Protein chains: 2
Amino acid sequence: MNTQRYAIIGAGALGGLYGAMLARQGFEVHFLLHSDFDHVRAYGLKVDSIWGDMHLRDIHVHASTETMPPCGVSLIGLKTTQNHLLAELLPAPTRDGGVVLVLQNGLNVEADSAAIVGEDRVFGGCCFLCSNKVGPGHIRHIDFGKIVFGQYRGVSSTGSAAAGSSAGQTDAKMDSIGHQICDDLNAAGVPTEFSDNLALVRWRKLMWNIPFNSLSVILNASTKQIMDDPNASALAEAVIREVRAGAAACGVEIPEAVIEKTLENTRKMVPYDSSMRLDFLNKRAMEAEAILGNPLRAAKESGYEMSRVETLYHQLRYIDHTNS
Amino acid sequence: MNTQRYAIIGAGALGGLYGAMLARQGFEVHFLLHSDFDHVRAYGLKVDSIWGDMHLRDIHVHASTETMPPCGVSLIGLKTTQNHLLAELLPAPTRDGGVVLVLQNGLNVEADSAAIVGEDRVFGGCCFLCSNKVGPGHIRHIDFGKIVFGQYRGVSSTGSAAAGSSAGQTDAKMDSIGHQICDDLNAAGVPTEFSDNLALVRWRKLMWNIPFNSLSVILNASTKQIMDDPNASALAEAVIREVRAGAAACGVEIPEAVIEKTLENTRKMVPYDSSMRLDFLNKRAMEAEAILGNPLRAAKESGYEMSRVETLYHQLRYIDHTNS
């Protein structure tokens, strides 16, 4: 029997998929739903997935976290543009000391959760996932899905080594909880890795997310259109190099070979609309602060100016402003 | 009587206006026309100008420069994207040693003309002009119009001091011709200044042209929209600062106060579509090489990387490629 209890804060394309996988495996999962609450309560949650199709009817759905029991893990599946809601959403499920697993794009996106539950109770992670919500309570997971996560160690330690936890959970306790979460997810069929270097995981993902999310919106282009054009691909590469240098300034060393590997993988991808482009096309707010603004500021505080990234950041903020 | 003979290579919104002003003053002006040749031969050239409306019927029009007499001055009013035509267009009107006055946007745009007639017979200049072609043989000049020009001194001397002329016209001779052209234009009612520092004139104009031409296309925005938005205007300012630093690397010192002045003037402008935005909207090739590519390479050769400008350059080249 699986005793771990999970809260899924934001059961969209990401939270809905991972929550469904955990529920199917027998974990007690509590889904927070907003616009789809009535639909899912009536008809259940439908997930078409490369890991097997699911139609979960007997699940715990909530229109508010107030009705949730305390949970061991609260998984954040909201967009970072919704983080102002966390102060209202997190206290209930975390009230007995549960941890938070922030599966959001960007850098230092755990800070908003940490401000509520404390830095020493937060994990952050990156998902390598192609999944979309295609209708009310209906998710389509089309490719990938691996999670790599690690303990959050505070904004000031974006970079290198761990800052010691000041109070509450010890690193050893968090390490043990992290391994348990990792085991749970793997048992549920979600390929998951527990890393001891969250900053490295995040910056490495940013090497893709910053150039390709930004350029896909600014140039109104798919990944294939970017890679097929000599100027757009040269720019993508220059941005990737700059992000790697920004990471290095923050004490995160990424091997140079990752640059070419990132480009090569993108060349091989099927034409893909980045999450930011989907937000843009659907006139939703874009995660420019999480994906570009935070890394920009972190690098600047470490003395390195990512001027290409800053250019893209300002452009995105302008586009975001005129798009909503 | 005015004895100076002018060839107008490209009688569009710019060449047509200045040529008409010279012709009205009594100079012998030969207009090269392409698509409007038949119309202008039949109905004359119509210019609605803040300097007075003109309808010139009795003018010299040519469908090819082959039919032109040798001219003292050949004024280049083509877009730089048409410079591949110069090898065919320039030899006839310059055959008796006449000079070339390159009134094109960008940096080192004189090089194409210099390659044909020799570096020592070329002037370059910037026009501060709002003028459009509104119909066949019909130009509307709505604001400004001043010309500042100077002797071209070769690509290698983009920056500071003059490179000595190796052959042909001496600097003193060119200086005298330059002053004559300046007097001619002023007599014709075109406010004109002869500068001894063309590189300074060009880089200073680039401080406006690079940010506002580029951003107006990439962000699909008017100058007013750019200046009214905190992110777009912050980016414009960062680019202006970078261009100033690029100029300095090339030995061209521009006072820091010009930055704020450029921003302030743009804030005060009526909402304005830059020439590059008009080209983009009309699906014409944009002058990305002249306005961004050449300054970028000049600064890089002097050891300074304008990474923001390079970002804009790659974006424009991609947009240009998908727009035509």
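Quick notes on the rules
- Residues numbered from 1 in each chain as written.
- Chains lettered and ligands numbered in written order.
- Predicted model: local features only at pLDDT ≥ 70, side-chain atom pairs only at ≥ 80, totals over all residues.
- Heavy atoms only, no water.
- UniProt positions renumbered as here; feature names shortened; annotations may be inferred.
- Least-squares fit on C-alpha atoms with pLDDT ≥ 70 in both.
- Contact = heavy atoms within 4.5 Å.
- Buried < 20%, exposed > 50% of the residue type's maximum accessible area, 1.4 Å probe, protein only.
- Helix = DSSP H or I, 4+ residues; strand = E, 2+ residues; numbered from the N terminus.
- Pairing = 2+ DSSP bridges.
- pLDDT = per-residue confidence, 0-100.
- Lys, Arg positive; Asp, Glu negative; His and termini not counted.
- Salt bridge = Lys/Arg side-chain N within 4 Å of Asp/Glu carboxyl O.
- Domains from an automatic or database assignment.
- Buried area = accessible area lost by both parts, 1.4 Å probe.
- Polar contact = N/O pair within 3.5 Å; in protein donor to acceptor, adjacent residues only side chain to side chain.
- Phe/Tyr/Trp six-rings, centres within 6.5 Å; stacked < 30°, edge-to-face > 60°.
- Lys NZ or Arg CZ within 6 Å of the ring centre and 35° of its normal.
- Axes fitted to C-alpha atoms, helices over the stretch in contact; angles between N-to-C directions.
- Parallel < 35°, antiparallel > 145°, perpendicular 65-115°, else oblique.
- Left-handed = near helix turned anticlockwise from the far one by under 90°.
- Nonpolar A, V, L, I, M, F, W, Y, C, P; charged D, E, K, R; others polar.

- Going by the annotation in an unreviewed UniProt entry, the name recorded for chain A is 2-dehydropantoate 2-reductase, with Rhodopirellula maiorica SM1 given as the source organism.
- Quoted verbatim from the Function (unreviewed entry) field of UniProt, the annotation for chain A is "Catalyzes the NADPH-dependent reduction of ketopantoate into pantoic acid."

## Looking at the relation of the copies chain A and chain B
Then step 1. Take chain A, turn it by 180°, move it 0.0 Å along the axis, and it overlays chain B with an RMSD of 0.0 Å. Viewed as a symmetry operation, the transformation between the two copies matches a two-fold axis. Ranked by how close their C-alpha atoms come to the rotation axis, the residues of chain A are headed by Arg308(A), at 2.8 Å.
Then step 2. By residue overlap, the copies meet face to face through one surface: 100% of the interface positions of chain A are interface positions in chain B.

## Structural notes on the pairing of strand 8 (residues 122–135) of chain A
Residues and elements named next belong to chain A.
Then step 1. Within strand 8, ten of the 14 residues are buried, which leaves the element mostly enclosed by the surrounding structure.
Then step 2. Note: strand 7 (residues 99–102) against strand 8, three bridges, orientation parallel. Bridging across to strand 8, Val100 finds its partner in Val122.
Then step 3. Relative to strand 9 (residues 138–151), strand 8 runs antiparallel, the two sharing twelve bridges. Paired with Gly135 across the bridge in strand 9 is His138.
Then step 4. Counted along the chain from strand 8 to the antiparallel partner strand 9, the turn is two residues long, and its residue Gly137 has a positive phi close to 60°.

## Observations concerning the confidence of the model for chain A
Then step 1. The pLDDT averaged across chain A works out to 94; a share of 95% of its residues lies at or above 70.
Then step 2. Throughout residues 159–167 of chain A the model reports pLDDT below 50, and contacts reaching past four residues in sequence, or to other chains, amount to twelve contacts.

## Overview of the side chain of Lys205(B)
Residues and elements named next belong to chain B.
Then step 1. Structurally, the position occupied by Lys205 is in helix 6 (residues 198–218).
Then step 2. For Lys205, which is buried and forms no salt bridge, the nearest opposite charge comes from Glu287, at a distance of 9.0 Å.
Then step 3. Residues in contact with Lys205, not counting those within four places in the same chain, are Asn105, Cys126, Cys127 and Phe128.

## Quick notes on the domain arrangement of chain A
Residue and element names in this part refer to chain A.
Then step 1. Each domain of chain A was delimited in the assignment, giving domain 1 (5–196) and domain 2 (199–323).
Then step 2. Once you take the C-alpha centre of each, domain 1 and domain 2 turn out to be 24 Å apart.
Then step 3. Facing the 24 residues of domain 1 at the interface are 22 residues of domain 2.
Then step 4. Overall, the association of domain 1 and domain 2 removes approximately 1,800 Å² of surface from exposure, summing both partners, and the carbon and sulfur fraction of that is 56%.
Then step 5. Summed over the three residues of domain 1 that lose the most area to domain 2, namely Lys79, Asn105 and Leu107, the buried surface amounts to 33% of that side.
Then step 6. Seen at the junction of domain 1 and domain 2, the total is two salt bridges.
Then step 7. One can count eleven residue pairs in polar contact (both at pLDDT 80 or more) joining domain 1 with domain 2.

## Quick word on the packing of aromatic side chains
All names here are of chain A.
Then step 1. With the rule as written, the count across this model stands at ten aromatic pairs over all chains.
Then step 2. An aromatic cluster is defined as three or more aromatic residues linked by ring pairs; in this entry it consists of Phe123, Phe149 and Phe194.
Then step 3. For the cation-ring pair, Lys205 lies above Phe128, with the distance from its terminal atom to the ring centre recorded as 4.9 Å.

## Focus on the packing of helix 6 of chain B against helix 12 (residues 307–323) of chain B
All names here are of chain B.
Then step 1. Here helix 6 crosses helix 12 at 45°, and the two axes come no closer than 10 Å. Looking at the two axes, helix 6 sits oblique to helix 12. Between helix 6 and helix 12 the crossing geometry is left-handed. Residues Ile210, Ser214, Leu215, Val217 and Ile218 of helix 6 pack against Val309, Leu312, Gln315, Leu316 and Ile319 of helix 12.
Then step 2. Here the contact of helix 6 with helix 12 is composed, by residue class, of eight nonpolar, two polar and no charged.

## Looking at helix 1 (residues 15–24) of chain B
Then step 1. Among the ten residues that make up helix 1 of chain B, eight are buried, leaving the element largely enclosed by the rest of the structure.
Then step 2. The complete set of buried residues in helix 1 of chain B reads Gly15(B), Gly16(B), Leu17(B), Tyr18(B), Gly19(B), Ala20(B), Met21(B) and Leu22(B).

## Remarks on the UniProt feature "domain: Ketopantoate reductase C-terminal" (unreviewed entry) in chain A
Then step 1. Listed under "domain: Ketopantoate reductase C-terminal" (unreviewed entry) in the UniProt record, and renumbered for this structure, are residues 198–317 of chain A.
Then step 2. Within residues 198–317 of chain A, the helical portion is 76% and the strand portion 0%, while the C-alpha atoms at the span's ends are 27 Å from each other.

## Topic: the interface of chain A and chain B
Then step 1. Every contact between the two is made by 23 residues of chain A and, on the other side, 23 residues of chain B.
Then step 2. The junction of chain A with chain B conceals about 2,000 Å² of combined surface from both sides, 56% of it contributed by carbon and sulfur atoms.
Then step 3. A per-residue breakdown of the area chain A buries against chain B is headed by Asn231(A), Arg308(A) and Tyr318(A), which together make up 33% of the total.
Then step 4. Counting every contact that joins chain A to chain B gives four salt bridges.
Then step 5. The tally of links between chain A and chain B comes to eight residue pairs in polar contact (both at pLDDT 80 or more).
Then step 6. Contributions of two or more residues to the side of chain A that touches chain B are made by helix 6 (198–218), helix 8 (230–249) and helix 12 (307–323) of chain A.

## Digging into the UniProt feature "domain: Ketopantoate reductase N-terminal" (unreviewed entry) in chain A
Then step 1. Taking the UniProt record as the reference, the feature "domain: Ketopantoate reductase N-terminal" (unreviewed entry) is found at residues 6–153 of chain A.
Then step 2. The distance separating the terminal C-alpha atoms of residues 6–153 of chain A is 22 Å; by composition the span is 19% helix and 38% strand.

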